[in-house]
Amino acid sequence: MSRSEELFKRASEVIPGGVNSPVRAFRSVGGTPRFITSAQGAHITDEDGETYLDFIGSWGPMILGHNHAGVREKVMEACMDGLSFGAPTEREVIMAEMICDMVPGMEMVRMVNSGTEAVMSAIRAARGFTGRNKIVKFAGCYHGHSDSILIKAGSGVMEGGVPDSSGVTKGCTEDTLSAVYNDLSSVEAIFDQYPDQVAAIIVEPVAANMGVVPPAEGFLEGLRKLCTRYGALLIFDEVITGFRLAAGGAQEYFGIQADLVTYGKIIGGGMPVGAYGGRKEIMSVISPLGPVYQAGTLSGNPIAMAAGIAMLTILKENPDIYRKLNEMGEYLFTGIKAILKETNAPCTLNYVGSLGNIFCTPEPVVNYETAQKSDTAEFGKYFHFMLDHHVHLGPSQFEAMFVSAAHTKEDIDHTLELIRSYFAK
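Residues numbered from 1 in each chain as written. Predicted model: local features only at pLDDT ≥ 70, side-chain atom pairs only at ≥ 80, totals over all residues. Heavy atoms only, no water.

> What should I look at first to understand unusual backbone geometry in this one?
Where the residue is not glycine, phi is negative for most of them; where a peptide bond is considered, it is trans in most cases. With omega at 15°, the peptide bond leading from S287 into P288 counts as cis. Counting through the fold element by element, P288 comes out in the loop between α10 (280-283) and α11 (302-317). Even without being a glycine, F26 presents a positive backbone phi close to 70°. Relative to the helices and strands, F26 resides in the loop between α1 (3-14) and β1 (36-40). The backbone of N182 shows a phi angle near 70°, a positive value even though the residue is not glycine. (Helix = DSSP H or I, 4+ residues; strand = E, 2+ residues; numbered from the N terminus.)

> Explanation requested: helix α3 (residues 90-102) in the structure shown.
Along an α-helix, residues three or four positions apart point the same way, because every turn accommodates 3.6 residues. The end-to-end C-alpha separation of α3 is 19 Å, in line with the 18 Å expected for 13 residues at 1.5 Å each. Within the span of α3, buried status applies to M95, A96, M98, I99 and M102. For α3, the arc enclosing every buried residue in end-on projection is 160°, short of the 170-degree limit, so these residues lie on one face. In this structure, α3 carries E90 and E97 as exposed residues pointing more than 90 degrees from its buried face. Those residues of α3 that are buried lie in contact with β4 (108-112), β9 (260-263) and α11. (Expected span 1.5 Å × (residues − 1). Buried < 20%, exposed > 50% of the residue type's maximum accessible area, 1.4 Å probe, protein only. Arc of directions from axis to C-beta. Contact = heavy atoms within 4.5 Å.)

> Got a minute to help me understand the sheet that holds strand β8 (residues 233-237) in this structure?
Hydrogen bonds along the backbone pair up the strands of a sheet, which may run parallel or antiparallel. Ordered in space as β4-β10-β9-β8-β7-β5-β6, the seven strands form an open sheet in which the pairing is mixed. The two strands at the open ends of the sheet, each matched to only one other strand, are β4 and β6 (176-179). Neighbour to neighbour, the strand axes of the sheet diverge by 20° on average, direction disregarded. Alignment of β9 against strand β10 (residues 274-278), held across four bridges, turns out to be antiparallel. By the bridge assignment for β10, T262 is matched with Y276. The strands touched by helix α8 (residues 219-230) within the sheet are β5 (134-138), β7 (198-203) and β8, with β8 carrying the most contacts at an inclination of about 145°. (Pairing = 2+ DSSP bridges. Axes fitted to C-alpha atoms, helices over the stretch in contact; angles between N-to-C directions.)

Structure representation (structure tokens):
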């Protein structure tokens, strides 16, 4: 029995499913999850001493690669001063100033502890600001596991075949309306029915929890126009895309300005952190300025702030990182696309910048319905082939593949060679 198998067996006795986040359990691909001991650059090492080329990157935030020295050193310095104060620190101010400086339209920001918390709080702020109750989300987009937004969610919920979660009451979700991603007419129909009741539309500007699904031409622009026309707010969930697609995230990349933006671990180099922010007039409804309550003892944690400041400083001072990220992403994903074509593989590839993935379906994937046509059993075979050859991918058809600044051309060439050998068989 391998060390990972031994640990998974022990974990299954004391942790539900043996994991602390469902997709890690390998239920959709079979087999045993690898228990990781360390990571450096583009590689991770498991409990059995096996090293893998990693394309998960802690689910996206490792833009600079794992364990970047510049981030690690600042975290260690901060730890020497104490781990948590439950009081304001200068690092919180610096972090907020940096985010407001880098992100278009960001005038105020509130630190929280996760992407889930950021989304939950942004929705509450939108409702408080507009005085309306209804929220529009898109089938297949995942915005964390808070009750009101956990309907027709993506990622692990998709794979498990459960569109909603047990334990979520009807009352919690009755004001959450589901539209079709990349279909403006489905959103227009909701506004036609509820012209004065929609507080906000929340959207992943690049859907990355039903696999990677780019926005169709005019889709994000259309959402912006609808929100402006009906007095609703546009919320960009940038837990995946923030500071990855560009220094200003998807807003900068696509040239679309949202009213509120949410972030998760990506603003802290993978540390447990999140944030939400936007225009000052909206954020001023947040307590203690306004009537919308939101609080957290660990919000603005000094260690997470140190990590975030270090990472954002590196990104801000080295804009070539984005050129490299996008070049490496283009090299990988166009290479995969060429392989799928030359081998006549019944698969589709979607990508934007440095994130993308292979869908095991020959049909174009543009929304939740088309993503669900994927052959998940075939993906499981592909996943284990790559894992057996020491390439670490997300253990689900509906997770993204992330390129980091630490990946090299040699890493990409090696990956493409393996993918070619799999699909040419």
